[in-house]
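Tertiary structure, described
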Amino acid sequence: QVQLVESGGGLVQPGGSLRLSCAASGVIGSSFTMGWYRQAPGKQRELVAALTTNGITNYADSVKDRFTISRDNAKNTVYLRMNSLKPEDTAVYYCRASHTRVAYMDYWGQGILVTVSS
């Protein structure tokens, strides 16, 4: 069983930066795509960034050139670096680990709140 725990959220002013971390307990090997999603109040959950098993990244248009996803396999941790934050980035951010071939091996963190406000 894999558990994902997010950290690093909080309140930040517009234009500021945060780095979210997602620490995995259990084995997250090279067969897992890692992703960050977010859900703002009254809106559907959306993909923010993903990192595939072969190192390809994918970003939502709204965060391109501002956010960066990365992983440290030695620490079993995935990061989301967020720069130039905007009020519309305010949301609960979720980490996800999904196996590329085994559909039921799809895990989510509990979510962490990011608030961008002055």
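So, here's what we can say about the structure. Remember, it's a predicted structure, so these values are computed and weren't measured experimentally.

Moving on: the nonpolar core. Core analysis: the largest hydrophobic core is formed by 32 residues, its most contacted members being Trp36, Leu80, Met82 and Tyr93. Counting only elements with at least two residues in this core, the list comes to β3 (18-25), β4 (32-39), β5 (46-51), β7 (67-72), β8 (77-82), β9 (91-99) and β11 (112-116). For Met82, the residues in contact, after removing those within four places along its chain, are Gly16, Ser17, Leu18, Leu20, Arg66, Phe67, Tyr93 and Val114.

Note that Cys95 resides in strand β9. The spacing of Cys95 and Gly111 is 16 residues in sequence and 7.0 Å in space, taken between C-alpha atoms. Those residues in contact with Cys95 that sit more than four places away from it in its chain are Leu4, Glu6, Cys22, Met34, Gly35, Trp36, Tyr107, Trp108 and Gly109.

Evaluated as defined, the whole model comprises one disulfide. Residue Cys22 pairs covalently with Cys95 via a disulfide, S to S 2.1 Å. Disulfide Cys22-Cys95: the torsion about the S-S bond is -80 degrees, which places it as left-handed. Within this pair, whereas Cys22 is found in strand β3, its partner Cys95 is found in strand β9, the two being separated by 73 residues in sequence. What makes Cys22 buried here is its relative accessible area of 1%.

So, on to unusual backbone geometry. The phi torsion at Asn76 lies on the positive side, around 55 degrees, for a residue other than glycine. Structurally, Asn76 is set in the loop between β7 and β8. Looking at Asn76, the relative accessible area reads 22%, which means it is partly exposed. Positive phi is not limited to glycine here, since Ser84 has a value of about 50 degrees. Tracing the chain through its elements places Ser84 in the loop between β8 and β9.

Calculation criteria
Residues numbered from 1 in each chain as written. Predicted model: local features only at pLDDT ≥ 70, side-chain atom pairs only at ≥ 80, totals over all residues. Heavy atoms only, no water. Core = buried A, V, L, I, M, F, W, Y, C linked by side-chain atoms within 4.5 Å. Buried < 20%, exposed > 50% of the residue type's maximum accessible area, 1.4 Å probe, protein only. Helix = DSSP H or I, 4+ residues; strand = E, 2+ residues; numbered from the N terminus. Contact = heavy atoms within 4.5 Å. Disulfide = S-S within 2.5 Å.

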